[in-house]
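A structural walkthrough
Given next are the chains, with one letter for each unit.
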Amino acid sequence: MRKVIGIGETVLDIIFRDSQPIGAVPGGSVFNALISLGRSGIKASFISETGNDRVGQGIISFLRDNGVDASCVYVYPDSKSPISLAFLNEQNDAEYIFYKDHPNDRLEFSYPDVQPDDIVLFGSYYAVNPVIRPQVVGFLEYARQHGAILYYDVNFRASHRNEVMKLTPNILENLELADIVRGSTEDFEVMFRKSDPDAIYRTQIAFYTRKFICTQGDQPVELRADGGLKKQYPVPLTEGIVSTIGAGDNFNAGFAYGLIRYGITRSTIEQGLSEEQWDNIIACAQQFSANVCQSISNSVSQEFGQQLAEQMRNEV
């Protein structure tokens, strides 16, 4: 059975509305995606780190309770787990403040089993952090050599704008390693001072990969792919939006789910996906993204995941 392996940060998100806390949920960009995949019946494994405290214990339990293998989560013996404060505005978009107590990032983990056509999700600052870069890029190269599909979510926040020059070599190396790249117009505005999808693809992405997805909040998703394929996917209207915190993370989860559901292998990707294949996969991504916006959870609902797991079982 194919699986999804994620490598990224863990954090406890404390969510505020009108300056009052309304919830606290385990989070982290790749973490959120893997929880959704675990709930949807996809075999998933997570590489990460956390502190040796009540928050860290809760995060590891949360992974296991949602069907995600947590054996590659390294516990710092003398550190507290990271905390994030997420302040929702009137549009239910979040502004973040991060608190991290790891005095020395020294990520240690054993590699999980990687088989051909497994999917590796990576991205955010975690994927470019110079301190843990040797461990992260070592695993990505190992996964690629073993035939995995590498999906890179750029997810570069404005809080790291002053580090762009220093981190550019790591960003470019990630683009070179990735089979598929997704980013938002906000990411590329911060990194490259560009927000037009065509300009971003032509000047920054196409040299490295011909499979590029650009998301733009509630504006259409832009696809650029092999053979000059250029397509827009309108974002479905979602009623009862509560929070958009996990929208991008769950787009990634739905995309990975779609790759597995529709039998898209590394060989398929290298040959070039058909327009119909892209349509099917992006429909899954948008379905996941829409569901997560209907609660303050960072991942899709248990009910949604169970429905998808049942659908996949019936299709087999």
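Scroll up to find the structure this text is about.
Because the structure is predicted, anything quoted here is derived from the model rather than measured.

Thoughts on the pattern of salt bridges
For the structure shown, the criterion picks out 16 salt bridges. One salt bridge connects Glu 270 with Arg 266, and the closest N-O pair in it is separated by 3.2 Å. With a gap of 4 residues between them, Glu 270 and Arg 266 both fall in helix H8 (residues 266-271), about one helical turn apart. Between Glu 310 and Arg 313 there is a salt bridge, and its shortest N-O distance comes to 2.7 Å. Here Arg 313 and Glu 310 lie together in helix H10 (residues 302-315), a separation of 3 residues that amounts to about one turn. By relative accessible area, which is 36% here, Glu 310 ends up partly exposed. Several salt bridges share partner residues, and in doing so they unite Arg 144, Asp 179, Arg 266 and Glu 270 into one network.

Looking at the sheet that holds strand E2 (residues 11-17)
Taken in spatial order, the 4 strands make up an open sheet running E3-E2-E6-E7, and their pairing is mixed. For this open sheet the edge positions go to strand E3 (20-27) and strand E7 (94-99), each flanked by a neighbour on one side alone. Along the sheet, successive strands turn relative to each other by an average axial angle of 20 degrees, direction set aside. Two elements, strand E6 (residues 83-88) and E7, share 6 bridges in a ladder whose sense is antiparallel. Across the sheet, the residue bridging to Ala 86 is Tyr 96, located in E7.

Points about the nonpolar core
Within the largest apolar cluster, 47 residues are counted, with the highest numbers of intra-cluster contacts made by Val 4, Leu 37, Leu 121, Phe 255 and Trp 278. When residues in this core are grouped by element, the largest group, 7 residues, is from helix H7 (residues 247-261). If you look at the next biggest cluster of nonpolar residues, it comprises 40 residues, including Leu 107, Val 120, Ala 178 and Phe 212.

Things to note about the packing of H7 against helix H9 (residues 275-292)
Between H7 and H9, the least distance of the axes is 7 Å, while the angle of their chain directions is 140 degrees. Comparing their axes, H9 and H7 come out oblique. Two packed elements cross with a definite hand, and for H7 against H9 that hand is right-handed. On H9, the residues touching Ala 247, Asn 250, Phe 251, Ala 253, Gly 254, Phe 255, Tyr 257, Gly 258 and Leu 259 of H7 are Trp 278, Ile 281, Ile 282, Cys 284, Ala 285, Gln 286, Phe 288, Ser 289 and Val 292.

Remarks on unusual backbone geometry
Excluding glycine, residues mostly carry a negative phi; peptide bonds, for their part, are mostly trans. With a phi angle near 55 degrees, Asp 18 is a residue other than glycine that sits in the positive phi range. Within the secondary structure layout, Asp 18 lies in the loop between E2 and E3. One non-glycine residue with positive phi stands out, namely Arg 193, at about 55 degrees. Position of Arg 193 among the secondary structure elements: in the loop between helix H5 (185-192) and helix H6 (197-205).

With respect to the side chain of Asp 13
One can find Asp 13 in strand E2. For Asp 13, which is buried and forms no salt bridge, the nearest opposite charge comes from Arg 157, at a distance of 7.9 Å. Polar side-chain contacts of Asp 13 include one of 3.0 Å to the side chain of Ser 84. A polar contact is formed between the side chain of Asp 13 and the side chain of Asn 298, at a distance of 2.9 Å. Those residues within four positions of Asp 13 in sequence are excluded, and the remaining contacts are Gly 23, Ala 24, Val 25, Gly 27, Gly 28, Ser 84 and Asn 298.

What to know about the pairing of E6
Within E6, 5 of the 6 residues are buried, which leaves it mostly tucked inside the rest of the structure. Taken together, the 6 bridges between E2 and E6 define a ladder with parallel strand orientation. In the sheet register, Leu 12 faces E6, and the bridge partner there is Ile 83.

So, the sheet that holds strand E1 (residues 3-7)
With respect to topology, 9 strands assemble into an open sheet ordered E5-E4-E1-E8-E9-E10-E11-E12-E13, the strand pairing being mixed. Only two strands of the sheet have a single partner each, and these edge strands are strand E5 (68-76) and strand E13 (229-233). Each adjacent strand pair in this sheet contributes to an overall mean axis angle of 15 degrees, direction not counted. Pairing analysis gives 4 bridges linking E1 to strand E8 (residues 119-123), with the strands arranged parallel. Bridged to Val 4 within E8 is Ile 119. Lying over the sheet, H5 contacts strand E10 (180-184) and strand E11 (212-216), oriented at roughly 90 degrees with respect to E10.

Side note on the packing of helix H1 (residues 29-39) against H7
H7 packs onto H1 with a crossing angle of 45 degrees between their chain directions and a minimal axis gap of 8 Å. With respect to H7, the axis of H1 lies oblique. Considering the relative orientation of H1 and H7, their crossing is right-handed. Contacts between H1 and H7 pair Ser 29, Asn 32, Ala 33, Ser 36 and Leu 37 from the former with Asp 249, Asn 250, Ala 253, Ala 256 and Tyr 257 from the latter. For the contact of H1 with H7, the residue count by class is 5 nonpolar, 4 polar and 1 charged.

Rules behind the numbers
Residues numbered from 1 in each chain as written. Predicted model: local features only at pLDDT ≥ 70, side-chain atom pairs only at ≥ 80, totals over all residues. Heavy atoms only, no water. Salt bridge = Lys/Arg side-chain N within 4 Å of Asp/Glu carboxyl O. Helix = DSSP H or I, 4+ residues; strand = E, 2+ residues; numbered from the N terminus. Buried < 20%, exposed > 50% of the residue type's maximum accessible area, 1.4 Å probe, protein only. Pairing = 2+ DSSP bridges. Axes fitted to C-alpha atoms, helices over the stretch in contact; angles between N-to-C directions. Core = buried A, V, L, I, M, F, W, Y, C linked by side-chain atoms within 4.5 Å. Parallel < 35°, antiparallel > 145°, perpendicular 65-115°, else oblique. Left-handed = near helix turned anticlockwise from the far one by under 90°. Contact = heavy atoms within 4.5 Å. Lys, Arg positive; Asp, Glu negative; His and termini not counted. Polar contact = N/O pair within 3.5 Å; in protein donor to acceptor, adjacent residues only side chain to side chain. Nonpolar A, V, L, I, M, F, W, Y, C, P; charged D, E, K, R; others polar.

All quantities given are derived from atomic positions and should not be read as evidence of function.
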